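# Structural characterization, general
Below, each chain spelled out in residue letters.
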Amino acid sequence: MRELTVKDRDVFLEFNEKILDCLQNKEWFIPFSKEEYDQVLTPEHDFFYGIFDGDKLVAVSGLLLDKSFSKELCDVLGVDVDTTAEVGGSMVLPEYRGQNLMYNINVKVVEKAREMGFKRLVATVHPDNVASRTSAEKLGFVKKAVIQRQGKYLSNVYLMDLLK
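Residues numbered from 1 in each chain as written. Predicted model: local features only at pLDDT ≥ 70, side-chain atom pairs only at ≥ 80, totals over all residues. Heavy atoms only, no water.

Okay, unusual backbone geometry next. Even without being glycine, Asn100 reaches a positive phi, approximately 60°. The topology assignment puts Asn100 in the loop between β4 (84-92) and α4 (101-115). (Helix = DSSP H or I, 4+ residues; strand = E, 2+ residues; numbered from the N terminus.)

Let's shift gears to the pattern of salt bridges. Counted by the stated rule, this structure contains six salt bridges. Salt-bridge contacts for Asp75 lead to Lys71; the nearest nitrogen and oxygen are separated by 2.7 Å. A residue pair is termed a helical-turn pair when its members lie 3 or 4 positions apart in one helix, as Asp75 and Lys71 do in helix α3 (residues 67-77) at four residues. Assessed through its relative accessible area of 43%, Lys71 is described here as partly exposed. Across the pair Arg149 and Glu72 runs a salt bridge, and its minimum N-O distance is 3.3 Å. Within this pair, whereas Arg149 is found in strand β6 (residues 142-149), its partner Glu72 is found in helix α3, the two being separated by 77 residues in sequence. Looking at Arg149, the relative accessible area reads 1%, which means it is buried. Taking the relative accessible area as the measure of exposure, Glu72 reaches 27% and is therefore partly exposed. If you follow the salt bridges from partner to partner, you end up with Glu72, Glu86 and Arg149 in one network. (Salt bridge = Lys/Arg side-chain N within 4 Å of Asp/Glu carboxyl O. Buried < 20%, exposed > 50% of the residue type's maximum accessible area, 1.4 Å probe, protein only.)

Scanning the entire structure with this criterion turns up one aromatic pair. Over the aromatic face of Phe47 sits the side chain of Lys112, whose NZ or CZ is 4.3 Å from the ring centroid. Seen from the ring of Tyr103, Lys138 lies directly overhead, with NZ or CZ sitting 4.3 Å from the centre. (Phe/Tyr/Trp six-rings, centres within 6.5 Å; stacked < 30°, edge-to-face > 60°. Lys NZ or Arg CZ within 6 Å of the ring centre and 35° of its normal.)

Turning to the sheet that holds strand β1 (residues 2-3), a few remarks are in order. With mixed pairing, seven strands are arranged side by side in an open sheet as β1-β2-β3-β4-β5-β7-β6. The open sheet has two edge strands, β1 and β6, and neither has a second partner. The sheet contact formed by β4 and strand β5 (residues 120-125) spans three bridges and is parallel. What sits directly across from Ala85, in β5, is Leu121. (Pairing = 2+ DSSP bridges.)

The values reported here are purely geometric and, on their own, carry no functional implication.
Structure representation (structure tokens):
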């Protein structure tokens, strides 16, 4: 496992397309916009970690720092957007699922958030995505609400207090 950099952008974008092509339910993952693709893997926008099998990227998850994206969740939860980051962009190739890769990578994401001084984390998971819900809850996220994210993506909204 390692932090992804701008040099990994092509591998990351190719990986993202593979995930979108094989999703059982397209509503389980909110795709990156064109603007987000242009900013992905830049330190001021986010931090992503990847797990590789040799040279093959097989799992990713990120600490999303763009406040315009997490503001919707912070508003729903009534928490300060300036002291809150979002865990998101979490994906594992189908043939690598069931190996706790998402949990392990998100342990690193949570550590990074603590190092950066965030007080809390938010995350969203589609209610039917049992694997992601289980991983989030195992990490210590607590379900607080259910929303239609961006007006169309049904999502459980989770909160983790990093000060505890």
